[in-house]
Amino acid sequence: MTITSPADAVSFDVERPARFAFMRRGDFPLVPSLIFLVIAFVAVFANVLAPHNPEIGSLTARFKPPFWQTGGTAQYLLGTDQLGRDVLSRLIFGARVSLVVGFTAVIFAGVLGTALGIISGYLGGWVDQVIMRLTDTWLALPALTFAIFLAAIVGPSMWNIVIILGAVYWTRYARVIRGEVLSLKEREFVRLAIVAGCSKRTIMIRHILPNVVNSAIVLGTLMLGVVIIAEASLSFLGVGVPPPEPAWGLMLSDGKQGLMVGYWWLTVFPGCCIMLMVLSANLLGDWLRVKLDPQLRQL
Amino acid sequence: MSNRPLLELKNLSTHYVSAQGTRVVRAVDEVSLRINAGETLGIVGESGSGKSTLALTILRILPMAAQIVSGQMLFEGEDLLLKSDEEMRRVRGKRIAMILQDPMASLNPLFTIGDQVAETLRVHEGASRASAWSRAVDLLKAVRIPSPDTRVTQFPHEMSGGMRQRIVGAIGISCEPRLLIADEPTTSLDLTIQAQYLALLRDLQREHGLALIFITHNLGIVAKMCDQLAVMYAGRVVESGPVSQIFNSPTHPYTEALLNSIPRMSDNRHRLTAIEGQPPDLSALPPGCSFAPRCPQVFERCRAQAPPEFKPLSGGAARCWLAHASRDNPAPLRVGSGAL
Amino acid sequence: MKQYIGRRVAYSLLSLFLLSLTIFFFVRVTGDPAALLVEPGASEADIAAIHHQFGLDRPLWVQYGIFMSSLFHGDLGQSFYYRTPVMSLYLSRLPNSLILAVVAMGFSLLIGIPSGILAAVRVGRFWDSAGKTFALLGLSLPSFWVGLVMILFFSVYLRWLPSSGAGTPLHLIMPAFALGWYFAAAHMRLTRSSMLEVLGSEYVKLARIKGLPESLVIAKHAFKNALIPVLTLAGVNLVIMVNVAVVVETVFAWPGIGRLLYEGITFRDFPIVQGVVLMGGAMIVVVNLMVDILYAVIDPRIRLGT
């Protein structure tokens, strides 16, 4: 039988919250954020950064390989395409297209989907039924096919594409937000607001909305990657942002011609850009998701 | 038959360590217990007292974050902690069995009752499908399930809660274990079913010569079922001994408070007695006795130094300086009492 | 169970109805559906004929009636380019897409499920990290780019595989891989999380308490339960695959309905586009229904009516 010594005090790590401390922690995705910033920077300052005009090519300089291969020059660092246009410049301007379309479409879809989700979830009744049936039907339509269908109807232009993508993807938001609203409706603060005589509109805007914003943002990060790939797919098929505006998907489509003869740079570089952007978006989204709402971790 | 206890735990400690290694939760802290063949030992405590972790420790089925840091677990003379994973697997279900609290969750919804009862027989005894199946039917009969032949092909969701718990019991006794650990088996059952189930356990125990460790927070069940009792608080056993003795004259103030909090019909008291304060945070235990913050008979020494186990003359054991006082001098030393 | 199936069927019918309504609405929304429904370069007389055929000058609900009745007769219109009914075009191409989708699905399950299980069983360790990386790559790489890079490697550099067309199993390998890649990642993710959830369940705990060998615990108790959501998703994904394959089929010139859609937009052949969308949506609704019914049959909890 032993006499126990005084129990050891257990020590904690004391977290000292500093302003940018969250960045220094191991799990902050530094690399993806940097990639994203670089792409954004490039997109904004495209005019300054691009060595050549992306839309005009020199017919004497067609299909030049990147500078490190034989036949390549330092003038066209990453080579040229079938019209003699500089690949690097087109990539830089293409970033602009991808970012603008991607973000705008996601925001548009988010606003529309969140609004309808809140209305549907909070008002209930036949409004809910109608919106939900609509959402389910919309969801049944395969996104890409539907987008192509809409593009065939309204004709492709940059803003049309944004609207189309927003119209295709809002349903993903509506579903999730509605679910949240349904459970929020039962909470104390909503009931208090009702008792206090707030109008339905006020409750939806001032009480419900701030509580679903987090989920909407999280969904947005998930959708960003999807939308960017969708835009690239549309461009690849020829119904995306129309030429001469350079879009990465379009570059891939043009590049296909040269593929069989081994002009690999027309395919690899645009694809890498798409991949980097989507990868960064996904990684940032994963991190943001965990930070904002640990319950959604399994999504 | 030797006098050796069936299971003896000596200074057993299980700690949960956080991923960063910074927080240590002493879920089971220097626990020493023993149980003899055929006996029933009740383990009582609040949620978070460590009783379930103790059960999982005995079977060595702990989650990844938990580690057994010290002690011995002598089962029929062999230290279970020294066994390999494969050897331990052969002990589980065959020599030591366990019943869990929620029978609906414990049974796999996609497989028949018969399949799940026969499984242990097939794995541990190499029984053929046919013989295991018919023994499963016998086992269902033994736990008093009506029409076992039809029940055996049914699925868990087709049964009532009481029946499911009996099936779990049947699984438990299927390989004739020496020790059965029941972790709050009646907590999720209706009151009317509880009594039947307890009677069943009693009978099974007698018929098969089982030792039973009954984990519960319900002292009433302990009074009915158990021979020995161990009271756990904050991962430690604060009092242990024969049930009747502890019920009649508890040594540790926590035990006393638990007993007092049971409402009785003959009570003249107008208010229910509760134990003041909150259960402790197991990762930040105070120095000294962990019950000191809530103890009505606390004194200086309690806060400074954690009491070891004392064996008062009356028998059993208690982790309390009061027990120490009563052995050395009849008048316990109290310098400034706590609340009440 | 009959009640459950009945409800699902009714619900699906409603979805089909709303689907046709949506498509109908969008064609009319631009205000001048004739521009779409008429061949480019048609004469005045042709335009007038189209107006009459679709009732474009009559009230909307009449137009919808005309629309629905032709749908019921399986008439999706006539392709401008091929001068054959869209429905027959679609049906002739559908088997190719199905073959591609089935092979791609097989590939995605063959890679996705085992890697998901491995990641869950070895959670936090090497195989889990490897799996998560794989999943991330799968979800970030556009399928058509995977296809293009594969062509570069296997057709142009190595000359092992044909780069386009259909006909031999060799033609199938690259498109199926490119198509299945994304879904392998999605299936892996779902298998992993489903498996993790199941591994933490009480019945798995009891299986271990019973002293069953770990391999049996995983293979029997955990596996079947974990698979349920994955197979549900796979069933739904199969149809999605058929529809999403449009880009992969274009890259590899695989003669399926995806490529048909591509032809439709390239040749400005609107009846094809409309037909593919309608059929695509209808297929998804029907397959969802079938998956739900299958689910009801397999899961004893639904079959025997909880």
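Criteria and thresholds
Residues numbered from 1 in each chain as written. Chains lettered and ligands numbered in written order. Predicted model: local features only at pLDDT ≥ 70, side-chain atom pairs only at ≥ 80, totals over all residues. Helix = DSSP H or I, 4+ residues; strand = E, 2+ residues; numbered from the N terminus. Buried ≥ 20, exposed ≤ 12 C-beta atoms within 10 Å, placed from the backbone. Contact = placed C-beta atoms within 7 Å. Pairing = 2+ DSSP bridges. Axes fitted to C-alpha atoms, helices over the stretch in contact; angles between N-to-C directions. Nonpolar A, V, L, I, M, F, W, Y, C, P; charged D, E, K, R; others polar. Core = buried A, V, L, I, M, F, W, Y, C linked by C-beta atoms within 7 Å. pLDDT = per-residue confidence, 0-100. Expected span 1.5 Å × (residues − 1). Arc of directions from axis to C-beta. Parallel < 35°, antiparallel > 145°, perpendicular 65-115°, else oblique.

Some details on the overall build of chain C
Here comes step 1: Scanning chain C from N- to C-terminus turns up 14 helices and 0 strands.
Here comes step 2: In sequence order, chain C lays out its α and β elements as α-α-α-α-α-α-α-α-α-α-α-α-α-α.
Here comes step 3: Of all 306 residues assigned to chain C, the portion counted as buried reaches 42%.
Here comes step 4: Within chain C, contacts between residues at least 6 apart in sequence are counted, and of these 70% link residues at least 24 apart.

Brief notes about the overall build of chain A
Here comes step 1: Scanning chain A from N- to C-terminus turns up 11 helices and 0 strands.
Here comes step 2: Put simply, chain A runs from its N terminus to its C terminus through helices and strands in the order α-α-α-α-α-α-α-α-α-α-α.
Here comes step 3: Counting all 299 residues of chain A, 44% fall into the buried class.
Here comes step 4: Pairs at least 24 apart in sequence give 70% of the contacts found in chain A among residues at least 6 apart.

Brief notes about the sheet that holds strand E11 (residues 317–318) of chain B
Residues and elements named next belong to chain B.
Here comes step 1: In spatial order, the strands read E6-E7-E8-E3-E9-E10-E11; together these 7 strands make up an open sheet with mixed pairing. Looking at the sheet topology across the chains shown, the edges are occupied by strand E6 (96–99) and E11.
Here comes step 2: Bridge analysis of strand E9 (residues 228–233) against strand E10 (residues 236–242) gives 6 bridges, and the strand direction is antiparallel. Residue pairing in the sheet places Met232 in a bridge with Val237 of E10.

So, the sheet that holds strand E2 (residues 24–35) of chain B
Residues and elements named next belong to chain B.
Here comes step 1: Read from one edge to the other, the open sheet built from 4 strands follows the order E2-E1-E4-E5, with strand pairing classed as antiparallel. The two strands at the open ends of the sheet, each matched to only one other strand, are E2 and strand E5 (78–79).
Here comes step 2: Relative to E2, strand E1 (residues 7–17) runs antiparallel, the two being bridged by 8 bridges. The partner of Val17 across the bridge, within E2, is Val24.
Here comes step 3: Taken strand by strand, helix H1 (residues 51–59) contacts E1, E2 and strand E4 (66–75), and its axis lies near 70° from that of E2.

A closer look at the environment of C:Phe134
Here comes step 1: By the element assignment, C:Phe134 lies in helix H6 (residues 126–140).
Here comes step 2: Apart from residues no more than four positions distant in its own chain, C:Phe134 is found in contact with C:Ser115, C:Ala185 and C:Met188.

Some details on the interface of chain C and chain A
Here comes step 1: Residue-level contacts link 42 residues of chain C with 38 residues of chain A.
Here comes step 2: Secondary-structure elements contributing two or more residues to the side of chain C that touches chain A are helix H1 (2–29), H6, helix H7 (143–157), helix H10 (214–244), helix H11 (246–252), helix H12 (257–266) and helix H13 (270–298) of chain C.
Here comes step 3: With 9 residues, the single largest contributor to the side of chain C that touches chain A is H13(C).
Here comes step 4: The class makeup of the residues in the side of chain C that touches chain A is 30 nonpolar, 12 polar and no charged.

Here we look at the nonpolar core
Here comes step 1: Counting residues in each nonpolar core, the largest one holds 255 residues, and the members touching the most others are A:Ala147, A:Ile148, A:Leu165, A:Val227, B:Ile213, C:Met241 and C:Val273.
Here comes step 2: In terms of residue count, the dominant contributor to this core is helix H9 (residues 200–237) of chain A (17 residues).
Here comes step 3: Once residues within four sequence positions are removed from consideration, B:Ile213 is found in contact with B:Ile35, B:Leu41, B:Ile43, B:Leu179, B:Ile181 and B:Ala182.

Considering helix H9 (residues 202–209) of chain C
At 3.6 residues per turn, the α-helix brings residues three or four places apart onto the same side.
Residues and elements named next belong to chain C.
Here comes step 1: Of all 8 residues that make up H9, 6 are buried, and the element is covered over most of its length.
Here comes step 2: The complete set of buried residues in H9 reads Tyr203, Val204, Leu206, Ala207, Arg208 and Ile209.
Here comes step 3: Looking one or two residues past H9, Gly211 carries a phi angle of roughly 85°, positive in sign.

Quick notes on the environment of C:Ala253
All names here are of chain C.
Here comes step 1: For Ala253, the position within the fold is in the loop between H11 and H12.
Here comes step 2: Spatially, the C-alpha atom of Ala253 lies 5.3 Å from that of Ser164, the residues being 89 residues apart in sequence.
Here comes step 3: Among all residues touching Ala253, those that are not within four sequence positions of it are Ser164, Gly165 and Arg259.

A short note on unusual backbone geometry
Here comes step 1: Positive phi outside glycine occurs at B:Glu184, with the angle close to 50°.
Here comes step 2: In this structure, B:Glu184 sits in the loop between strand E7 (179–183) and helix H8 (191–208).
Here comes step 3: Taking the number of C-beta atoms within 10 Å as the measure of exposure, B:Glu184 has 19 and is therefore partly exposed.
Here comes step 4: Residue C:Arg268 is not a glycine yet carries a positive backbone phi of 55°.
Here comes step 5: By the secondary structure assignment, C:Arg268 is in the loop between H12 and H13.
Here comes step 6: When the 14 C-beta atoms within 10 Å are taken as the criterion, C:Arg268 is described as partly exposed.

Some points on the confidence of the model for chain A
Here comes step 1: Of all residues in chain A, 88% attain a pLDDT of 70 or more, and the chain-wide mean is 79.
Here comes step 2: Across chain A, the secondary-structure element scoring lowest on mean pLDDT is helix H1 (residues 21–24) of chain A, at 50, and the one scoring highest is helix H4 (residues 87–123) of chain A, at 89.

Regarding helix H5 (residues 129–142) of chain B
Residue and element names in this part refer to chain B.
Here comes step 1: Between its first and last C-alpha, H5 extends 20 Å over 14 residues, near the 20 Å set by a 1.5 Å rise per residue.
Here comes step 2: All of the buried residues along H5 are Ala132, Ala136, Leu139 and Leu140. Looking straight down H5, one finds its buried side chains confined to an arc of 100°; they lie on one side. Of the exposed residues in H5, those oriented more than 90 degrees away from the buried face are Ala130 and Asp138.
Here comes step 3: At its buried positions, H5 is contacted by helix H4 (113–125), helix H6 (148–151) and helix H7 (161–173).
Here comes step 4: Phi turns positive, to about 65°, at Arg144, one or two residues after H5.

Observations concerning the pairing of E6(B)
Residue and element names in this part refer to chain B.
Here comes step 1: Covered by surrounding structure in E6 are Ile96 and Met98 together with Ala97 and Ile99, the residues of both alternating faces.
Here comes step 2: Examined bridge by bridge, E6 and E7 share 4 bridges and lie parallel to one another. In the sheet register, Met98 faces E7, and the bridge partner there is Ile181.

Quick word on the packing of helix H2 (residues 30–44) of chain A against H4(A)
Residue and element names in this part refer to chain A.
Here comes step 1: Here H2 crosses H4 at 105°, and the two axes come no closer than 8 Å. The orientation of H2 relative to H4 falls into the category roughly perpendicular. Side by side, H2 and H4 meet where Ile39, Ala40, Val42 and Ala43 of the first sit next to Ile92, Ala95, Arg96 and Leu99 of the second.

Observations concerning the confidence of the model for chain C
Residue and element names in this part refer to chain C.
Here comes step 1: Within chain C, residue pLDDT values average 83, and 95% of them lie at 70 or more.
Here comes step 2: When the elements of chain C are averaged for pLDDT, helix H14 (residues 300–303) gives the smallest value, 64, and H9 the largest, 91.
Here comes step 3: Here the predicted complex carries an ipTM of 0.81, next to a pTM of 0.76.

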